[in-house]
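Commentary on secondary and tertiary structure
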Amino acid sequence: MKIKNILITFVSAIALILSSSSISLAKVVGDKIILGAAVSLTGKYSTNGEHTKNGYNFAVERINSMGGIKVGGKTYKFDIIYYDDESNSGRAAQLAERLIKQDGVQYMLGPYSSGLTKAIAPVTEENKIPMVEANGASRSLFTKGYKYLFAVLSAANQYLEVAIDLAVEKNGGKPVKIAMAFEQDAFSQDVRIGVVEASKRTGSKIIIDDKLPKELNDMAATLAKVKATKPDVLVVSGHSKGALTAIRQIAEMKVDVKMLAMTHCDASKLAKQHGKNSEYALCAAQWHKSLSYKDKYFGDGMKYDKEFKAQFGYNPPYQAAESSAALLVWKDAFERANSLDKDKVRDALAKTEMQTFYGNIKFSPAGQNIAKPMVLFQVRCEGDKCENKVVAPTKWASAELVHPVPKWSER
Amino acid sequence: MVQASLDGILLGILFALIAYGMALQWGVMNIINIAQGELVIMGGYVAYFMYMMGIHPGFGIIVSPIIMYFVGWGLYKLVINKVVDRDLFISILATFGISILTQQLMNFIFGSDVVVAQSNFGTTMFFEGMVTLPNAKIFAAIVSIVFAIGLVMYMRKSKLGRAIRATAQNARAAKILGVDTEKVYAATFGINAALCGVAGSLIAITFTLHPYVGLPYTVRSFMIVIVAGLGNLPGVALSGMGLGVFEEFADYILGTEFRIGSVFLLLVLILVYRRFKLSKKREYLK
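Scoring rules and cut-offs
In every chain, residue numbers begin from 1 and rise along the written sequence. Naming scheme: in the order in which they are written, chains are lettered from A and ligands are numbered from 1. Residue-level local features of this predicted model are given only where pLDDT is at least 70; pairs of side-chain atoms are given and counted only at 80 or more, and the full residue set underlies all totals for whole chains, interfaces and linings. Put simply, DSSP marks the helices as runs of H or I at least four residues long and the strands as runs of E at least two long, and each gets a number from the N terminus on. Note on method: radius of gyration uses C-alpha positions; expected globular size equals 2.2 Å times residues raised to 0.38. A residue is called partly exposed when the number of other C-beta atoms within 10 Å of its own lies between 12 and 20, exposed at 12 or fewer, and buried at 20 or more, with C-beta atoms placed from the backbone. C-beta atoms are placed from the backbone for every residue, and two residues are taken to be in contact when these atoms lie within 7 Å. These domain limits were set by an automatic method or by a database of domain assignments. Any residue that is not Ala, Val, Leu, Ile, Met, Phe, Trp, Tyr, Cys, Pro, Asp, Glu, Lys or Arg is counted as polar, Gly included; the first ten are nonpolar and the last four charged. Interaxial angle, 0 to 180 degrees, is taken between N-to-C directions of lines fitted to C-alpha atoms, where a helix line uses only the stretch in contact. Left-handed describes a crossing whose near helix is turned anticlockwise from the far helix through less than a right angle; right-handed describes the clockwise counterpart. Residue count minus one, scaled by 1.5 Å, sets the expected span of a helix. A strand pair is defined by DSSP finding two or more bridges across the two strands. By definition, a nonpolar core groups buried Ala, Val, Leu, Ile, Met, Phe, Trp, Tyr and Cys residues that connect through C-beta atoms lying within 7 Å of each other. Any angle from 65 to 115 degrees is called roughly perpendicular, while one under 35 is roughly parallel, one over 145 is roughly antiparallel, and all others are oblique. The quantity known as pLDDT measures the predictor's confidence residue by residue, on a range of 0 to 100. The handedness rule is simple: strands pointing away from the viewer, and a clockwise path from the first strand over the helix to the second, make the crossover right-handed.

Remarks on the overall build of chain B
- Secondary structure summary: chain B contains 11 helices and 2 strands in total.
- When the helices and strands of chain B are listed from N to C terminus, the series reads α-α-α-α-β-β-α-α-α-α-α-α-α.
- In terms of C-alpha radius of gyration, chain B reaches 19 Å, essentially the compact-globule figure of 19 Å for 286 residues.
- Along the three orthogonal principal directions, the C-alpha set of chain B runs to about 60 × 50 × 35 Å.
- Burial analysis of chain B (286 residues in total) assigns 49% to the buried set.

In C-alpha cells form, the structure reads like this:
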C-alpha cells in the first residue's frame, strides 16, 4: 500500500514537473518567442479577422527578416499560434484560456472587434498575461482598471469628436445642431458618448438621437426627421452596414445636410461601392496611408501600403496597419525589458513611447494609446473615381474640407 | 407623415412577398422555415453576383427565382422530405440547421463584407423634394405585386396549383385521389424559395446584403403570417403593409430604438385580442 502511494506521488510529481516545464518551454521555443492570438477566421467578422491576421503575419515576417528581437544578447524570432474564434465572444474567451493554460502562451495579441477583446481581457488579466491589442476600441476596455491590456489604437469615443469641433469651427465658432443615428452596440454607443461630450463642450444642441437596432437596415424614418429638422451635422455610426445604408438612403431621399460624418467608410469600401453618392462623406479612421509617421521596419504609410498590397493582393485597411503596429510594440518592449519574463515585459510595455508607421504610441495607465489622434478623411471624386482624402488634422491634410456639402440639386 | 406612410407601404409590400412564401409553405407542409431569411439573402447574392459580372441587378428578379427554385427543390429532397410529416419542433430544428449552413456557405463564397448592388434607378420627388420615393423601392413594390398576383392566378388555374391547394386542405385525401404529394411538397418548397429569390434581388438594390442578416426577414415574415392567419393571402398583403406603416410611424414618432419593440407590442395586442374574440365565440357555442 505504502509503495503504491509513493509510486503515485512520484508519478504525479514527474507529471507536474513535465507539465510546468512544457509551459515554460512554450512561451519561448528554441529561438522563437511564441505569441498567441484568437482571431475571427469564420463568422461575421471573418473579413476583418483576415485583415488582422495578415497585419500580424506581415509584421512578424518583416521583424524576423530584419534581425529579429535581441534579448539578453541572444536573437529571437516571433511566431504566432492562431485559433479561429468563429466571431463568437464565448469561444474567444475559451480559446484565450486554451492558449494560456494548454499552450503555455505568455504573450497575447488581441482579436478583432471590441466585443471579442472585451471577452478575452478578463482571461488575460486573471492570468496576468500581457496583451497588446489592435482592434478593440471600446471605451469600456479602459475603465475597468486592467493592468495587462495595451491598445495601440485610439478609443471609440475619440472617433467623431473632431468632426463636431470641425463643424463648430466652420460655423464661425458658433454652436451647431446635431442629428445622431447610432447602432445599439458597444462600439457605436462609445462613439456616441464622444459626440455627446463634444456637443456639451461646444454648447451644441442634439436634435435627433436615434439608436438603430442591430438588425435594422432601413434608416428612412431617421432621414425623414433629418429632412424635416435640417440639422447642421448628421453623425452616423453602425459598422459597415450602417455606413452603406446611410449613403444609399441619403442619396435616394436627397437629404441635404451641411456635414455628414460617419465611421467604417473604408471597412465598407464606401467610395467603391457607392461611388459618387458617397462624395463629401466625412469619415473617421485610425490610420491613413498618407500620414507621415515613420519607422525603420515599414518606412512610412505609403511604403507599407505598397508592400502589403504586393504580398496580399489588396490595399491594407487600417485594421491591418494597426495589427502590424502591435508587433512593433511587442518587439520594442522585449528589447527594452531585455528579458523574457512576462512581468518585466509588461512593465516595459507600460513605458512604451515610440513612433511607428501607424502613428505615435504611448500608453495611459489604463493601457490606452494617448499619443495618436484620429484622422478624418473626406470622400472625393474625380470623374467616376472616388478616393478618401485626409482633411484633418490639418498637419496631414492632403485636401481641403468641402463645407457645406453641396446640395443634391446642385450636384 | 406622407413620407413615413409611403416608406412603410413600400417596405411592407416587400416583406409581404417574403411572408407570402412562408404562408404558402407553412399552410401546405406545416413547416415553419427558420431559413426563410437566408433564402432571401441567397437570392440577393444571385443579383449581386450578376451586378459584379456587369449585368444590371434588376434582372435578378428573373434569374434569381429560377436558381432559387432549384435550391429550394434540392433542399426539400435532401432534408425537408425527412421532416415533413414529423413534429413541428423537428422541422424548426432542421430549418435552423439549414439557416446556419447557408449563412456559413454564403460567408465562404462572398465573404463577410456588407455589399450593395446599384440599380441607378434615381428618385421620384413630390412637393418640391419634401417627399421622395426611390424608384428602386417603387420598382420593388411593383415587382412584388406582380409576382404575388401571378402566384394567386397560378394557384387557381394551373394543375399543380390545384394539387397544392388540395394537399394543403387534406394531404391524405389528396394522395388517395391521385395527387403525388411528394412532388407537390417539393414544388411548394421550390416556389417559396423562388419568391425569396425575387425578394432577395429586390433587397440587393434597395437595402444591403450580408450573410448573417437573414434572421430579421424570417422574424418579420413569421409575424406577418401570424397576424394574417394561414391561408389568408390578401390578409398577408394587408398585414405586411400595415406592419410596415406602423413600423415607420413608430420610428418617426417614438424614435428608432422603439421601432421593433412597438411592432412586437402590436403583435402581442393582436394575439390577445384574437384570443379574447375566440373565447367569446366559444361562450356563444356553449
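Quick notes on the overall build of chain A
- What chain A contains, in helices and strands, is 12 helices and 16 strands.
- Taken over C-alpha atoms, the radius of gyration comes to 23 Å for chain A, in line with the 22 Å a tight globule of 411 residues would show.
- Each principal axis of the C-alpha distribution contributes one length, and for chain A these read about 90 × 45 × 35 Å.
- Buried residues in chain A amount to 54% of all 411 residues.
- For chain A, contacts bridging at least 24 residues in sequence account for 69% of all contacts bridging at least 6.

Concerning the domain arrangement of chain A
Residue and element names in this part refer to chain A.
- Split by domain assignment, chain A resolves into domain 1 (27-154 + 291-362) and domain 2 (158-285 + 374-410).
- Computed over C-alpha atoms, the centres of domain 1 and domain 2 are 30 Å apart.
- Across the side of domain 1 that touches domain 2, the residue classes tally to 4 nonpolar, 7 polar and 1 charged.

So, the interface of chain B and chain A
- At the junction of the two partners, chain B supplies 32 residues and chain A supplies 28 residues.
- At the level of secondary structure, the elements contributing two or more residues to the side of chain B that touches chain A comprise helix H1 (2-29), helix H4 (88-110), strand S1 (123-126), strand S2 (131-134), helix H9 (215-228), helix H10 (233-254) and helix H11 (259-285) of chain B.
- Ranked by the residues each element gives to the side of chain B that touches chain A, the list is headed by H1 of chain B, at 4 residues.
- Across the side of chain B that touches chain A, the residue classes tally to 14 nonpolar, 12 polar and 6 charged.

Regarding the packing of H1 of chain B against helix H5 (residues 135-157) of chain B
Residues and elements named next belong to chain B.
- Contact geometry of H1 with H5 gives a least axis separation of 9 Å together with a crossing angle of 35°. Seen along the crossing, H1 lies across H5 with a hand that is left-handed. Packed against H1, whose contacting residues are Leu-10, Ile-13, Leu-14, Ala-16, Leu-17 and Tyr-20, the element H5 presents Lys-137, Ile-138, Ala-140, Ala-141, Ser-144, Ile-145, Phe-147 and Ala-148 at the interface.
- In the contact of H1 with H5, the residues fall into 12 nonpolar, 1 polar and 1 charged.

Examining helix H8 (residues 181-206) of chain B
- Over its 26 residues, H8 of chain B runs 37 Å from end to end, which matches the ideal 38 Å to within 8%, given 1.5 Å per residue.
- Burial analysis of H8 of chain B places 24 of its 26 residues in the buried class, the great majority of the element.

Overview of the sheet that holds strand S16 (residues 385-392) of chain A
All names here are of chain A.
- The strand order across the open sheet formed by 7 strands is S9-S8-S10-S11-S12-S15-S16, and the pairing between neighbours is mixed. The sheet is open, and its two edges are formed by strand S9 (205-212) and S16, each paired on a single side. Put simply, the sheet's adjacent strands are angled 25° from each other on average, direction ignored.
- In the sheet, strand S8 (residues 177-183) pairs with strand S10 (residues 233-237) via 5 bridges, with the strands oriented parallel. Bridge assignment links Ile-178 to a residue of S10, and that residue is Val-233.
- Across the sheet, helix H5 (residues 161-170) lies against S8, S10, strand S11 (259-262), strand S12 (282-285), strand S15 (375-382) and S16, angled at about 170° from S10, the strand it touches most.

Details of the nonpolar core
- Among the nonpolar cores identified, the biggest contains 216 residues, and Ala-163 and Leu-376 of chain A together with Leu-17 of chain B are the most heavily contacted of them.
- Looking at this core, the element that brings in the most residues is H1 of chain B, giving 18 residues.
- If you count residues domain by domain, this core takes at least three from each of domain 1 (27-154 + 291-362) and domain 2 (158-285 + 374-410) of chain A.

Considerations on the packing of H9 of chain B against H10 of chain B
Residues and elements named next belong to chain B.
- In the contact formed by H9 and H10, the axes pass within 8 Å of each other and the chain directions differ by 120°. Considering the angle they form, H9 stands oblique to H10. Taken as a pair, H9 and H10 cross one another with a handedness that is right-handed. Taken together, the residues of H10 that come into contact with H9 (itself represented by Met-223, Ile-224, Val-225, Val-227 and Ala-228) are Gly-235, Val-236, Ser-239, Gly-240 and Leu-243.
- Taken together, the residues of the contact of H9 with H10 sort by class into 7 nonpolar, 3 polar and no charged.

So, the confidence of the model for chain B
- For chain B, per-residue confidence averages 90 on the pLDDT scale, and 100% of positions sit at 70 or higher.
- Under the prediction, the complex receives an ipTM of 0.85, its pTM being 0.84.

Side note on the pairing of S2 of chain B
- A one-sided burial pattern is seen for S2 of chain B, the buried positions being Thr-132 and Pro-134 of chain B and the unburied ones Val-131 and Leu-133 of chain B.
- Here S1 of chain B hands over to S2 of chain B after 4 residues, with Phe-127 of chain B in that stretch at a positive phi of 50°.

Observations regarding unusual backbone geometry
Residue and element names in this part refer to chain A.
- Cis geometry marks the peptide bond from Ala-392 to Pro-393, where omega comes out at -5°.
- Along the chain, the position of Pro-393 falls in the segment after S16.
- Residue Pro-404 is bonded to the preceding His-403 through a cis peptide linkage, with omega at -10°.
- On the secondary structure map, Pro-404 appears in the segment after S16.

Description of the pairing of S9 of chain A
All names here are of chain A.
- Pairing geometry for S8 and S9, over 7 bridges, is parallel. Bridge pairing links Phe-182 to Lys-211 in S9.
- In terms of handedness, the path from S8 via helix H6 (residues 186-202) over to S9 forms a crossover that is right-handed.

Things to note about the environment of Lys-258 of chain A
Residue and element names in this part refer to chain A.
- Relative to the helices and strands, Lys-258 resides in the loop between helix H8 (239-253) and S11.
- Here Lys-258 falls in the partly exposed class, since 19 other C-beta atoms lie within 10 Å of it.
- Sequence separation between Lys-258 and Lys-407 is 149 residues; the distance between their C-alpha atoms is 8.5 Å.

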